[in-house]
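Spelled out from the first residue to the last, the chains are:
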Amino acid sequence: MRAAVLAALTAAATLAPLAVGPATAAAAVPKGPSGSAFYRAPASVVRGPAGTPIRARAVSRSSHNAVPGASRTLLVLYRSRTAAGRAAATSGLVSLPRGRAPRGGWPIVSFAHGTSGIADACAPSRDRRPSSVRANRAYLTPLLTRWLKRGYAVVRTDYQGLGTAGAHEYLVGRSEAAAVLDLATAARRLDRRVGRALIVAGHSQGGHAALWAGARARAVAPGLRLRGVVAYAPASNLADQIGLARAYVTPGFGYSALIGLIVRGLDEAGQVDPREALSDAALALYPSTLTTCIGELSGLSSWGRLSPRAVLRSDYDTARIAGVLRAQGPETLRFGRIPVYVAQGTADQTVLPVFTRSLVAKLRAGGARSVSDRTFSGADHGTIITRAAASSTAWMARRLGR
């Protein structure tokens, strides 16, 4: 029955190709159904070249997903892949600037969002009501508007498995990179005015994703021309951070929920048994990682009532998780001549400045020839976006030549 319903939805979708604009559509793309059905697609449709749009719908200008400064925003379901290379339908948003595209097309900024959660409802493009997901990303709107007014096409992935079929591979670099890069490729196939020049950018988890995307751009998206990587307070040195979990003994700290999400991600990958790693109190909360978003998870009625020390079993050897996380650390990546911009606030209590300093040092030691390391006094994990907006955009403009 379920297969028949999906087949019917797909057939209906093919009858309504999306009109992107006069003489701009690079290919006929099905419009697809509205609501949550948009995010579901049968395996026969998902299989195919990564970076290909499956379907797209125009977003209403009154929607919170429509960014001021955009001529239009499209909700897109596109082909991407998991860390293991399996085909995965992934969702995201494509916002196009106003005015005429320059010669060579609009440059692309592919932006990766910070931690929202693992549940499908936590995908930013799926948010339909006032929630912590919306509140946690409202601060991005001025930055995205700034980029659109510069004449950049801005694309924002939800990440593989977040809002779509399959598990979200939280803080797994290869799947994050594919999601970020494949949406940029899909945007070019949606509209001929989108060019090849690319900046990958991201905040927090998204900073981690942007760094991985930058390091893997040549292999994953050879048709694009990477001009630089921008990382705002990027997650890094994950193995060292999990090792410090027992040093935090105060409840009400968002780090507890992040540990729960990390364990869930490793559990989905078959690399950690939560029954061995988590305390009884944390195991009682564990199912909520699949139903609840980061704001609620961090609250005192949820994971926030546990200190980070209380999340893990007292006899659990954190080296077992650390060994897996070490392979996902962006500090292990090699950038060579690819320019990298890193912004960090001194008052950040989520991504601690000491870890970002270590990241920058390791990138340089690994051969990165151009790392712009900017520190902003008093900026915390959220306000780093506002504080670094002008500096990072100017840096991007120099790399893009506009």
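As shown above, the structure is provided for reference.
Quick look at the structure, then.

Definitions and cut-offs
Every chain begins its residue count from 1, and numbering advances along the sequence as written. Local features are withheld for residues below a pLDDT of 70 in this predicted model, meaning they are given only at 70 or higher, and side-chain atom pairs are given and counted only at 80 or more; totals for whole chains, interfaces and linings count all residues. Side-chain measures were taken over the full set of non-hydrogen atoms in the model, leaving aside hydrogen atoms and water. Axis lines are fitted through C-alpha atoms, for helices just across the contact stretch, and the angle between N-to-C directions can take any value from 0 to 180 degrees. Helix numbers and strand numbers start at the N terminus; a helix is a DSSP run of H or I with at least 4 residues, a strand a run of E with at least 2. To sort the angles, those under 35 degrees are grouped as roughly parallel, those over 145 as roughly antiparallel, those from 65 to 115 as roughly perpendicular, and the leftovers as oblique. Contact between two residues is taken to exist if any of their heavy atoms lie within 4.5 Å; hydrogens are not considered. In this scheme, a crossing is called left-handed if the near helix is turned counterclockwise away from the far one by less than a right angle; it is called right-handed if the turn is clockwise. Residue polarity is assigned by list, with Asp, Glu, Lys and Arg as charged and Ala, Val, Leu, Ile, Met, Phe, Trp, Tyr, Cys and Pro as nonpolar; anything else, Gly included, falls into the polar class. Any carboxyl oxygen of Asp or Glu that lies within 4 Å of a side-chain nitrogen of Lys or Arg is treated as forming a salt bridge with it. Think of it in three bands: residues with accessible area under 20% of the maximum for their type are buried, residues over 50% are exposed, and the middle band is partly exposed, with areas taken using a 1.4 Å probe on protein chains only. Grid points spaced at 1 Å and placed over the protein atoms alone form the basis of the search, with a cavity being a set where a 1.4 Å probe fits but cannot get out and a pocket an open set showing protein on both sides within 12 Å along at least five of seven lines. Lining residues have an atom within 4 Å of a point. Grid points are joined across faces, edges and corners, and a volume is the space filled by probe spheres set on the points.

Turning our eyes to something else, we now look at the packing of helix H5 (residues 173-190) against helix H6 (residues 205-220). Direction vectors running N to C along H5 and H6 enclose 75°, while the axes themselves pass 7 Å from each other. Here H6 runs roughly perpendicular to H5, going by the angle between their axes. Taken together, the residues of H6 that come into contact with H5 (itself represented by Gly173, Arg174, Glu176, Ala177, Ala178, Val180, Leu181 and Asp182) are Gln205, His208, Ala209, Trp212, Ala213, Arg216, Ala217 and Val220.

Viewed as axis vectors pointing N to C, helix H4 (residues 141-149) and helix H15 (residues 384-400) meet at an angle of 20°, and their least axial separation amounts to 10 Å. One finds that H4 runs roughly parallel with respect to H15. Judged by the twist between their axes, the crossing of H4 over H15 is right-handed. Along the contact surface, H4 presents Leu143, Arg146 and Trp147, while H15 presents Ile385, Ala389, Ala390, Thr393 and Met396. Counted by class, the contact of H4 with H15 contains six nonpolar, one polar and one charged residues.

Moving on: the pattern of salt bridges. All chains considered together, the criterion is met by seven salt bridges. For aspartate 267, the salt bridge goes to arginine 264, with nearest N and O atoms at 3.9 Å. Of this pair, aspartate 267 and arginine 264 both sit in helix H8 (residues 255-268), three residues apart, which is roughly one turn of that helix. For arginine 275, the salt bridge identified is with aspartate 273, shortest N-O distance 3.2 Å. Taking the relative accessible area as the measure of exposure, arginine 275 reaches 61% and is therefore exposed. What emerges from the salt-bridge pattern is a single network uniting Arg264, Asp267 and Glu268.

Attention now moves to the layout of surface pockets. Of the volumes computed, that of the second largest pocket is approximately 540 Å³. Around the second largest pocket, the lining is made up of 28 residues, and of these Ala41, Ala89, Thr164, Ala165 and Gly166 lie nearest the centre. Elements with a contribution of two residues or more to the lining of the second largest pocket: helix H1 (2-13), helix H2 (43-46), strand S3 (87-97) and H8. The dominant element in the lining of the second largest pocket, judged by the number of residues it contributes, is S3, at three residues. Looking at the lining of the second largest pocket, its residues break down into 12 nonpolar, eight polar and eight charged.

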